[in-house]
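Residue-level listing of the chains:
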Amino acid sequence: MAIEWSGLSPELLVRLDREAGQPLRAQLEGSLREAIRDGRLRGGERLPSSRALARELGVSRGMVQECYGQLLAEGYLTSRSGSATRVADITERAASGTPVTPATATARLPADRGLIADFRVGVPDLSSFPRADWAWAVRQACGEIASADLGYGDPRGSAVLREVLAGYLRRVRAADAGSERMIISTGFAQGINLVLRALIRERGVSCVAFEDPGYGSAESDETVRATLAMGLRAVHVPVDEEGLVVSALAASGAQAVVVTPAHQSPTGVVLSAARRHALLAWARRQGGYVIEDDYDSEFRYDKEPVGALQGLAPDHVFLVGTASKALAPAVRLGWVQAPAALAGAVAGEKEMSDRGSCALDQLALATLLTSGRYDRHLRRMRAVYAGRRAALVEAFATHSPQLRLTGLAAGFHAVAPLPASADETAVIAAARERRVGLYGIGDYRAIADPAAPPALVIGFGNVSERAIGPAIAAIADLLRA
């Protein structure tokens, strides 16, 4: 990220040697080239105005303008009418003195720049973060918080936010929620880690199951990696068209299982009623625990909302949620609704971890929730994602009608099964060459299986609606057998 220096003209250290035989203009050009090549001046940074630099160096403004003009022609600088001269965003510099042309500079940008669309999964529309509402909520929190509440508080989190969140989860997710059983975390990753550590300490849990496809392997997922680092054994249970295969879970030896029942990640299937009852029966029979990842339940389209599994068995289910999908990952707030018998243990793990999450951010989130601005933002985003979802369906119907998208009932990703003969990795690589970012379901599998059906997992949360059609058109031939 380029630093935006304040002031009308940022200072720049350039030395000119008037005793040298080299012309001053050549010295200035060479100094700026070298500063850009070695990274002292970085892409996007603003240079001093020609008048200011000329005054600082004791040279004519015309000479500086000629120098800037030459570096603009070589691609080292960029300039627009009415705007400051800036360093070009070039990530690889020529090792020799050969000028870097604008065309070369574009070719050398990182692979993810200049994409028509990047269908990365799990990223919400970052440009739609409710900045004004969040700023208003932070001001409200700063104005209302008591001085005594600025110290180290309850490790479970703000009593205000816990009460508000419990009410929200009861109202929206049909959860059996109570503030005394709520622990505020810094997102989902910390929430699940707190739960697992509490289960190890209090229940002697030694084996945890994950859906497959789901989080993937330890090489590709930090949650599985953290699980193994705690000394737990991780097993992987298959998912079919009804969700987690509970019979396979029962045979796995796991004492706890992590599930995404409302919208399975990544397949998008909803855990069927029969499987829900079977899963909870397993937990009661085995004294096991279910960790419910409620990651994108706010966004549903064609079907009735699915209530949280936790509402059916609060003594055996941990409900773990986060503001990352509804607002943005930068809002590092999540929550754990724990069984009454283990809420204290989870709170104890939180206290040992970091003594508690930012109180001001917690109060800001509580203010958003109680003011109705959070619900208003969700309603707006449902409409935005529904539009992108429709654009994706239309693009596939137009350019790749042989493929049937699945998993579209909720969230902001879909699954596109590829022809059985397709090479998932090759399709993704070829699409990248055409400036389209694609991702395969293979990344979500715990064990690589060459015989597994190839498929793409297509996130549309952070892709503009107008980019979806051209992106799919650009890769349509790659999606055929």
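Scroll up to find the structure.
What counts, and at which threshold
- Residues numbered from 1 in each chain as written.
- Predicted model: local features only at pLDDT ≥ 70, side-chain atom pairs only at ≥ 80, totals over all residues.
- Heavy atoms only, no water.
- Pairing = 2+ DSSP bridges.
- Helix = DSSP H or I, 4+ residues; strand = E, 2+ residues; numbered from the N terminus.
- Contact = heavy atoms within 4.5 Å.
- Axes fitted to C-alpha atoms, helices over the stretch in contact; angles between N-to-C directions.
- Salt bridge = Lys/Arg side-chain N within 4 Å of Asp/Glu carboxyl O.
- Buried < 20%, exposed > 50% of the residue type's maximum accessible area, 1.4 Å probe, protein only.
- Phe/Tyr/Trp six-rings, centres within 6.5 Å; stacked < 30°, edge-to-face > 60°.
- Lys NZ or Arg CZ within 6 Å of the ring centre and 35° of its normal.
- Arc of directions from axis to C-beta.
- Polar contact = N/O pair within 3.5 Å; in protein donor to acceptor, adjacent residues only side chain to side chain.

Draft legend 1. Focus on the sheet that holds strand E7 (residues 243-244). Across the sheet, which stays open at both edges, the 8 strands sit in the order E4-E11-E10-E9-E8-E5-E6-E7 with mixed pairing between neighbours. Both outer strands of the open sheet, strand E4 (182-185) and E7, are each paired with one neighbouring strand and no more. Against the sheet, helix H6 (residues 159-173) makes contact with E4, strand E10 (317-322) and strand E11 (334-337), and its axis sits at roughly 110° relative to E4, the strand it touches most. Along the sheet, helix H7 (residues 188-203) makes contact with E4, strand E5 (207-212), strand E8 (256-259), strand E9 (289-293), E10 and E11, crossing E9 at roughly 175°.

Draft legend 2. Summary view of the pattern of salt bridges. Throughout the structure, instances matching the rule amount to 18 salt bridges. Taking the shortest distance from any N to any O, the salt bridge between Arg-162 and Asp-154 comes out at 3.4 Å. Assessed through its relative accessible area of 5%, Arg-162 is described here as buried. Judged by its relative accessible area of 33%, Asp-154 falls in the partly exposed class. Here Asp-240 makes a salt bridge to Arg-275, at a shortest N to O gap of 2.9 Å. Taken together, the residues Asp-240 in strand E6 (residues 233-240) and Arg-275 in helix H10 (residues 273-286) connect sequence positions 35 residues apart. Classification of Asp-240 as partly exposed rests on a relative accessible area of 24%.

Draft legend 3. Here's a closer look at the packing of aromatic side chains. One pass over the full model with this rule turns up 8 aromatic pairs. Aromatic side chains Tyr-168 and Tyr-374 sit 5.6 Å apart centroid to centroid with 90° between the ring planes, which places their arrangement in the edge-to-face category. With Tyr-168 in helix H6 and Tyr-374 in helix H13 (residues 373-399), this residue pair connects regions lying 206 residues apart in the sequence. For the pair Tyr-168 and Tyr-374, a shared accessibility class is recorded, and that class is buried. Three or more aromatic residues joined by ring pairs form one cluster here, namely Phe-188, Phe-210 and Tyr-215. Over the ring of Trp-136 we find Arg-373; its NZ or CZ atom is 3.6 Å from the centre of that ring.

Draft legend 4. Spotlight on helix H8 (residues 222-229). Among all positions in H8, only Thr-223, Val-224 and Thr-227 are buried. The arc enclosing the buried residues of H8, seen along the axis, measures out at 100°, which places them on a common side. Capping of H8 at its N-terminal end is provided by Asp-221; its side-chain oxygen lies 2.9 Å from the backbone amide nitrogen of Thr-223. One or two steps after H8, the chain reaches Gly-231, where phi turns positive at roughly 90°.

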